[in-house]
Amino acid sequence: MVVDKLIRFGSDFMDQIKVIGEQTLSGKIYISGSKNSAVSLIPAAILSDKVIIDKVPKISDVNSLKEILEYLNVDLKFEGSRLYIDSTHMINKDITNEYSKKLRASYYFMGALLARFKKVVISLPGGCSIGKRSFDFHLNGFEKLGAKVTSEGDLYTIEADSLKGADIHLPFPSVGATVNIMLAAVFAEGVTTIENAASEPEIGNLIEFLNCAGAKIEGKDTTKLTITGVNKLSGGHVEVIPDRIEAGTYILAGVMNGKNLEICDIRPDHLTSFFDKLREMGANFEIKETSVVTNKVEHLKPVNIETAVYPGFATDLQQPITTLLLMADGVSTLKETIYENRFQNTKYLNEMGADITIDGDTITVKGPTKLNGRLVKTSDLRAGAALILAALSAHGETTITDIKHLLRGYSNLIQKLTDVGAKIWLEDE
Ligand code: EPU
């Protein structure tokens, strides 16, 4: 109940999670559909008429997108985790702060509305405060396709008489820019190429969906996309791929506290770099076709990690794995290369007993650490995941506040962990 309230009202509810650590976790955790896929598939749905999306995760980011679509007069209906979207009667309206600020992915309405209506008026996106997170590559891409971009305060207007295919080279393989430019190019006249494109599995999931509705996009899973403009999309049915970051988070929980804890419904091939690091640390895990079985080991080796774009070590698993590095026998380092401010978890880990120092883009983690339960605060989504992992391992009770960030990305977190033996519950402040 409280979780539903939080998902619906987000930051208006300031509840907290309590955890009593050192419990053995065993059984099965089923992974939900990927947040970062779902949040691009849902805005992309407005390029077609009637769309079905399966395995939509129950997270507040999805709810925020639903609110934007309802405001734009789009019909949505959930049947379990299946989402029906009918945008036949959609109206193009200004998306102001109250809608856009709730999540990062609100900016996918830039590409989607530009493609469909040739005009979009939208305010700045929200999302985790983990770096500058500018979107100049997106805007430059729209301009290359023939759109005019103007801004007044927080409000951006992007419009075009017509969009024409162009050759676009991204300065960095940005996930958001790749998605947004691809959406804008679906109906552009002629051929668009995106070079140095991001090749994350979530982008492949979006391409699969758009092509199934009639788009012509080549280059899935590569760094060069070729989009041949079409006049119209129709229908479209897609299943959201498993959330590789949610999977990684629970695999870490198993490596720290598991006894035959199986993380199910995953795509192991999306987690290769992550598994390489766990192997190097000497973690106990067995990869099966669509699951991973994890067990706690007494001794782990320290490692050096550097985040990178896919298929490198995912920045979204950087904060969660920091908690595992605390358990290693020796000094590990972790270099964050994607965001400038993604170490906010370390302050609270240190308060729980860790020895982590920050030097520019790198942290040094001295293990092994005995963590103690404390009152800690979630600063962003993956920092929250790192603190949950710490709380599960810590001696005594941990209280985690500001959990709205966690609910943006982890579907049924409390239930999933309770089902495998964790002592974790939601409490009103
Ligand atoms: N960048 C620019 N200019 C741009 C676009 C990006 O300078 O126009 C920079 C960013 O500031 C950042 C880097 O490029 O330093 C990477 O940004 P990217 O655009 O790839 O990230 P994003 O699209 O904003 C998505 C995910 C993030 C994930 C990153 C990297 C969504 C909604 N978000 O963000 O997910 O970390 O790709 O994989 O898909 C999370 O789930 O916790 C999360 C933050």
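Heads up: the structure comes first, above all this text.
It should be emphasised that the depicted structure is a prediction, and the values quoted were computed from it without experimental measurement.

Undergrad: So, the packing of aromatic side chains: which residues are in play, and what are the values?
TA: Applying the stated criterion to the full structure yields seven aromatic pairs. Ring centres of F275 and F285 lie 5.5 Å apart, and the angle between their planes is 20°; on these two criteria the pair is classed as stacked. One end of the pair, F275, is in helix α10 (residues 272-281); the other, F285, is in strand β15 (residues 284-287), with ten residues separating them in the sequence. Overall, the relative accessible area of 3% leaves F275 in the buried class. With a relative accessible area of 14%, F285 lands in the buried category.

Undergrad: Now, about the packing of α10 against helix α11 (residues 318-325): what can you tell me, with residues and values included?
TA: Axis separation between α10 and α11 bottoms out at 12 Å; the angle between their running directions is 5°. With respect to their mutual orientation, α10 and α11 come out roughly parallel. Residues F274, L278 and M281 of α10 form the contact with α11, whose own contacting residues are I321, L324 and L325. Looking at the contact of α10 with α11 residue by residue, the classes come out as six nonpolar, no polar and no charged.

Undergrad: Talk me through the sheet that holds strand β17 (residues 304-306); I want residue IDs and the actual numbers.
TA: Strand order in the open sheet formed by four strands is β17-β18-β20-β19, with mixed pairing between adjacent strands. The open sheet is flanked by β17 and β19 (355-359), the only strands paired with a single partner. Here the average twist between neighbouring strands, direction ignored, is 15°. The sheet contact formed by strand β18 (residues 331-335) and strand β20 (residues 362-366) spans five bridges and is antiparallel. Within β20, the residue paired with L334 across the bridge is I363. Running at roughly 175° to β18, α11 makes contact with β17, β18, β19 and β20 of the sheet.

Undergrad: Quick one: what's the story with the pattern of salt bridges, residue by residue and with numbers?
TA: For the structure on display, the rule yields 19 salt bridges. Taking the shortest distance from any N to any O, the salt bridge between K347 and E351 comes out at 3.8 Å. Of this pair, K347 and E351 both sit in helix α12 (residues 345-351), separated by four residues, roughly a single helical turn. Given a relative accessible area of 39%, E351 falls into the partly exposed group. Here K404 ties to D402 by a salt bridge, and the two come within 3.4 Å at their closest N and O atoms. It is possible to trace a salt-bridge network through shared partners that takes in K18, E397 and E427.

Undergrad: Please set out the site of the ligand residue by residue, giving values where relevant.
TA: Around the ligand there are 23 residues in total, and D136, S174, D316, I338 and R382 lie nearest to it. In the environment of the ligand, an oxygen atom lies 3.0 Å from a nitrogen or oxygen atom belonging to the side chain of R342. Here the ligand loses 91% of its free accessible area of 820 Å² to cover by the protein chains. Here the ligand is seated within the largest pocket. Within the residue set of the shell around the ligand, elements represented by two or more residues are α2 (35-44), α6 (136-144), α7 (175-185) and α13 (381-393).

About the criteria used
Residues numbered from 1 in each chain as written. Predicted model: local features only at pLDDT ≥ 70, side-chain atom pairs only at ≥ 80, totals over all residues. Heavy atoms only, no water. Phe/Tyr/Trp six-rings, centres within 6.5 Å; stacked < 30°, edge-to-face > 60°. Helix = DSSP H or I, 4+ residues; strand = E, 2+ residues; numbered from the N terminus. Buried < 20%, exposed > 50% of the residue type's maximum accessible area, 1.4 Å probe, protein only. Axes fitted to C-alpha atoms, helices over the stretch in contact; angles between N-to-C directions. Parallel < 35°, antiparallel > 145°, perpendicular 65-115°, else oblique. Contact = heavy atoms within 4.5 Å. Nonpolar A, V, L, I, M, F, W, Y, C, P; charged D, E, K, R; others polar. Pairing = 2+ DSSP bridges. Salt bridge = Lys/Arg side-chain N within 4 Å of Asp/Glu carboxyl O. Near = heavy atom within 4 Å. Polar contact = N/O pair within 3.5 Å; in protein donor to acceptor, adjacent residues only side chain to side chain. Areas by Shrake-Rupley, 256 points an atom, 1.4 Å probe, with all protein chains shown as cover. 1 Å grid on protein atoms, 1.4 Å probe; cavity = no way out; pocket = protein on both sides within 12 Å on 5 of 7 lines; lining within 4 Å. Sits in = over half its atoms within 2 Å of the grid points.

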